[in-house]
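Chain by chain, the residues run as shown.
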Amino acid sequence: MVAQVFFLDRVPRNLNMKYFIIFTFLQMIPSTNISPHEILKNVFGYDDFRHNQQQIIGHILSGKDAVVLMPTGGGKSLCYQLPAMCLPGVTIVVSPLIALMKDQVDSLVASGVKAAFLNSTQGNYEQQNISLQLQRNELKLLYVAPERLLGSEAQFINFLKSINVSLFAIDEAHCISHWGHDFRPEYRVLGELKKQFPSLPVIALTATADDLTKNDIIDKLGLTDYKVFENSFNRPNIYYYVKPKKDYFDQLVNYLLDHKEDSGIIYCLSRVSTEKLTEELKTYGINAEAYHAGLEKNLRDERQDKFLKDDVRIMVATIAFGMGINKSNVRFVIHVDLPKNIESYYQETGRAGRDGLHSEALLYYSTGDVMKLKKFATVEGNTAQSKIMLQKLDKMATFCEIRTCRRKYLLNYFGEEATNDCNSCDVCLNKPETHDATVIAQKILSTVARINERFGMLYVVDVLWGSNSERIRAEHKQLSVFGIGKDMPKDQWKYYTKELLNAGYLLQSDDEFPVLKLTEKSRQVLYKQEKVFLSKPMEVKIAKEPQIFQQHSYDKELFNQLKQLRNMIAHEQNVPAYIIFSDSSMLDLATYLPATLNDLHKISGFGEFKIQQYGKVFLDLVLTYCREQNLPTQIHLKNSKRERKISVVKKERSTETTNISLQLYKQGKSMDEIAEERNLSIITIQNHLAYYISTGELKVEDFVSSQRREVINMMIGKLGTESLRNLKENLPPDYTYSEIKMTIASNEL
């Protein structure tokens, strides 16, 4: 498999010497004066680091350990790949799956980086060849499985001690924790790394870890001199939808037919379900294949390869599929069965939209799935772990049942603050209509009280509905509440009972068979006639034509032609299309219409090596299309680097009046409260506090999340700060003038 190793004869002859040094990386040491920024631009084709990548990379290059929590698609891999190119030896990357290793190596090789993997798919000759390259210090990254790293009586560890190793990277680090959603026993051996290589830095990376899992990772790896880097878990380009599972199949088919050109993943709970659903979808002409652990390995590999290359559009799979799949143009992830916890759901939905373009996560929910999964959540002989797993399942069910912003619930779960309205989940997009539901609430709460708070939701609904089921106790059939709910379908009583739970009028015990209990709020309704307003059941609507948030308009026909060209090249080179370029790179080409090879340096994803490899063929297509359509280049609209613009935020200075606003804010009052108390406009208070952000006395993080600042700064880089209104109109609609002002002020520190 020579494709896994980059050889010197692939360096383009016309590449200048500086970039030749970058691409060969032979004996690279920091004294080559190639900065991380130069590598970022000329190897990976990006102008700016994302999130806190730059701080993480600097920390690693200082020789210290790091734990990195970054959302899927947020750029975790760069946090160790770029340091690997700056350090003198090889970086050893521990990866759980062969597919993940191959995908990462293919991507690196396509960018001109010397990388390889060692795993069971290779013969002795290939493995010996890679060993020789390691001994000659010719590789910058080597991907291995944890069992290879510390198995075979430490044979491989001893080999690593004989070569120049600079860094260990532990990918999917949550696999080491019992509390993680994807625990793998083979990861436990990685605790030996710090014992065997105490002086080498270790970076552990994961997209999903709550505090319990994060602390367990640190403990299991034996990290001491470390820093934890946490990023926003928000994926603003993913839109979240939850729909009832009842009679879902026709809705699913219609959705897939509306998105027939898009690539997507459908997750099922069982192997049988994947096979059955795939066959049913094929009868509608939908290009789908099944994937699960029960298939022959060759068949799994073949189907995965076809999916990665866009020959199969839809993969219907169990959770056996997905980890490490770096396919950037997955436009939707659908769950037809409930995930077992928020971490799994977040990671699986995070496989959509890695290119940053509009993507959707659709989940079909049924309470029956919760009952099924409870059987699998119990860990025999471990009551503590069983309790935590059941609690995680309960929070997953709550996510499906809430009528408040789903994105906020997700982010809060991971300990992150969020606004009440994301404008990109089904709840926020389809605002529920509230109504006076006091009588409905009183009937439900009275029933819970009359049966002594000892039964679950389904029993309560059956009593309300006057069910003749034998399981209803005879004494309960004599109650005044028995049958008082026949005027409404059972599903609606369930819906309103869940609404009362979510609103705090009821509590549900966390026993194996949870029962409903009253709260202080419910007693106010029953005994003090307090009114209750609840949202009505509603129909969730999903737009047929997904919108792409792009500052400037793009040519859709050219975009499609560029993707076809990319796919043709990918097939010729036998790699997935996204390895050549992501959809976002193709979108940039179709938007800015570059006219010269030099213009390609301004296009996202076009590093020096890729320009030399593929630049001419893509540029020729753009130029031909522009001539035929008489379109001028728009490259002048694209800023390759951010420039500091003159701020239009009103400049304040420290005065008695600004100081009063500061002191009131420090007392815990909101900007609205300060404005009301001081009889000043909210704009004036914003300017007062923005001043103290610009001086460093207030933290911008208290006003604007890092994720939202990143989006705002990206738009500032394109439009400058001459017009706040222009910035506001080009940002997603939920971004406020206040957030824009505070972000601009923070840039003036």
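Residue numbering note: each chain is counted from 1, following its sequence as written. Whole-chain, interface and lining totals are the exception, using all residues; otherwise, since this is a predicted model, local features are given only for residues with pLDDT of at least 70 and side-chain atom pairs are given and counted only at 80 or more. Working from all heavy atoms in the structure, the side-chain values ignore hydrogens and water.

### So, the pairing of strand 13 (residues 359-365)
In terms of burial, strand 13 is largely enclosed, as 7 of its 7 residues are buried. Because side chains alternate across strand 13, one face comprises the buried residues S359, A361, L363 and Y365, and the other comprises E360, L362 and Y364, equally buried. Bridge analysis of strand 8 (residues 238-244) against strand 13 gives 7 bridges, and the strand direction is parallel. What sits directly across from V242, in strand 13, is L363. Note: strand 12 (residues 330-335) against strand 13, 4 bridges, orientation parallel. Counterpart to V333 in the pairing with strand 13 is A361. In the classification by handedness, the crossover that spans strand 12, the intervening helix 14 (residues 342-349) and the parallel strand 13 is right-handed. The buried label applies to any residue whose accessible area, calculated with a 1.4 Å probe on protein chains only, is under 20% of its type's maximum; exposed applies above 50%, and partly exposed to all values in between. Under the DSSP-based scheme used, a helix requires at least four consecutive residues in state H or I and a strand at least two consecutive residues in state E, with every element numbered from the N terminus. A pair of strands is treated as paired once DSSP finds two or more bridges between them. For crossovers, right-handed means that the path from the first strand over the helix to the second runs clockwise, given strands pointing away from the viewer.

### Section: the pattern of salt bridges
Definition used for salt bridges: Asp or Glu carboxyl oxygen within 4 Å of a side-chain nitrogen of Lys or Arg. Counting across every chain of the model gives 31 salt bridges. Here E138 ties to R136 by a salt bridge, and the two come within 2.8 Å at their closest N and O atoms. Salt-bridge contacts for D426 lead to R406; the nearest nitrogen and oxygen are separated by 2.7 Å. One end of the pair, D426, is in helix 18 (residues 426-429); the other, R406, is in helix 17 (residues 406-413), and 20 residues separate them in sequence. Each of the two residues, D426 as well as R406, counts as buried. One network of salt bridges, with partners in common, ties together K245, D337, D369 and K372.

### Description of the sheet that holds strand 1 (residues 65-69)
Read across the sheet, 7 strands follow the order 3-4-2-5-6-1-7 without closing on themselves; strand pairing throughout is parallel. Among the strands making up the open sheet, the edge pair consists of strand 3 (115-117) and strand 7 (226-230). On average, each strand axis in the sheet is inclined to that of its neighbour by 20 degrees, with strand direction left out of account. Pairing geometry for strand 1 and strand 6 (residues 202-206), over 4 bridges, is parallel. In the sheet register, A66 faces strand 6, and the bridge partner there is I203. By definition, residues are in contact when any of their heavy atoms lie within 4.5 Å. The axes are straight lines fitted to the C-alpha atoms, using for helices just the contacting stretch, and the angles between their N-to-C directions are given from 0 to 180°. Strands strand 2 (90-94), strand 4 (141-144), strand 5 (165-170) and strand 6 of the sheet are contacted by helix 4 (residues 78-86), whose axis makes an angle of about 135 degrees with strand 4.

### Some words on the packing of aromatic side chains
In this analysis, rings of Phe, Tyr and Trp, with Trp reduced to its six-membered ring, are considered paired at centre separations within 6.5 Å, and the interplanar angle assigns stacked below 30 degrees, edge-to-face beyond 60, and tilted for intermediate values. Across all of its chains, the model carries 21 aromatic pairs by this definition. For the ring pair F168 and F197, a centre distance of 5.0 Å and an interplane angle of 55 degrees mean the geometry is tilted. Taken together, the residues span a long stretch of sequence, with F168 in strand 5 and F197 in the loop between helix 9 (193-196) and strand 6 at a distance of 29 residues. Summarising the aromatic geometry, the rings of Y665 and F703 are spaced 5.0 Å apart at their centres and angled 20 degrees between planes, so their arrangement reads as stacked. A residue pair is termed long-range when its members are at least 10 positions apart, and Y665 in helix 27 (residues 656-666) and F703 in the loop between helix 29 (682-695) and helix 30 (706-719) qualify at 38 residues. F703 carries the same exposure label as Y665, and that label is buried. Site record: aromatic cluster; members linked through ring pairs are F233, Y346, Y413 and F414. Distance and angle both matter: a charge sits over a ring if NZ of Lys or CZ of Arg is within 6 Å of the ring centre and within 35 degrees of the ring normal. The ring centre of F307 lies 5.1 Å from the NZ or CZ of K327, which sits over that ring. Over the ring of Y735 we find R708; its NZ or CZ atom is 4.0 Å from the centre of that ring.

### Some remarks on the nonpolar core
Within soluble globular proteins, side chains that are nonpolar tend to cluster in buried spots. Here the nonpolar core consists of buried residues drawn from Ala, Val, Leu, Ile, Met, Phe, Trp, Tyr and Cys, with membership extended through side-chain atoms lying within 4.5 Å. L142, L149, L160, F168, I170 and L190 are the most contacted members of the largest nonpolar core, which totals 66 residues. Broken down by element, the residue count for this core peaks at 5 residues, all from helix 16 (residues 383-401). Beyond its immediate chain neighbours, meaning those up to four positions away, L142 contacts V90, T91, I92, V93, A116, F117, L118, I130, L134 and F156. Counting 35 residues, the second-largest nonpolar core is a separate cluster that includes I39, M85, L87 and A145.

### Some remarks on the packing of helix 19 (residues 438-450) against helix 22 (residues 520-528)
Where helix 19 contacts helix 22, the axes come no closer than 10 Å and their chain directions differ by 110 degrees. What the angle tells us is that helix 19 and helix 22 run roughly perpendicular. On helix 22, the residues touching Q442, L445 and S446 of helix 19 are S522, V525 and L526. Grouping the constituent residues of the contact of helix 19 with helix 22 by class yields 3 nonpolar, 3 polar and no charged. Throughout, the term roughly parallel applies to angles under 35 degrees, roughly antiparallel to angles over 145, roughly perpendicular to angles from 65 to 115, and oblique to all others. Side-chain classes are defined by residue name, with Ala, Val, Leu, Ile, Met, Phe, Trp, Tyr, Cys and Pro counting as nonpolar, Asp, Glu, Lys and Arg as charged, and the others, Gly among them, as polar.

### Comments concerning the side chain of N237
Within the element layout of this structure, N237 appears in the loop between strand 7 and strand 8. Residue classification places N237 among the buried positions, given a relative accessible area of 13%. Non-local contacts of N237, meaning those with residues more than four positions away in its chain, are made with G353, G356, L357, H358 and S359.

### Some details on the confidence of the model for the protein
Taken residue by residue, the protein gives an average pLDDT of 82. The fraction at 70 or more is 87%. For every residue, the predictor assigns a confidence score, pLDDT, that lies between 0 and 100. Here helix 1 (residues 17-24) stands out as the element of the protein with the lowest mean pLDDT, 42, in contrast to strand 13, whose mean of 95 is the highest. Residue range residues 1-32 is modelled with pLDDT below 50. Its contacts to residues more than four positions away, or to other chains, number 76 contacts. Long-range and interchain partners of residues 640-651, a stretch whose pLDDT sits below 50, account for 26 contacts in this model, where long-range means more than four residues apart.

### Some remarks on the sheet that holds strand 10 (residues 288-291)
Taken in spatial order, the 6 strands line up as 8-13-12-9-11-10 in an open sheet, and their pairing is parallel. Whereas interior strands pair on both sides, the edge strands pair on one side only; in this sheet they are strand 8 and strand 10. Sheet twist, expressed as the mean angle between neighbouring strand axes with direction ignored, is 15 degrees. As defined by bridge partners, strand 10 adjoins strand 11 (residues 314-317) across 4 bridges and the pair is classed as parallel. When the bridges of strand 11 are listed, Y291 appears paired with A317. Against the sheet, helix 11 (residues 249-258) touches strand 8, strand 9 (263-267), strand 11, strand 12 and strand 13, its axis set at about 175 degrees to strand 12.

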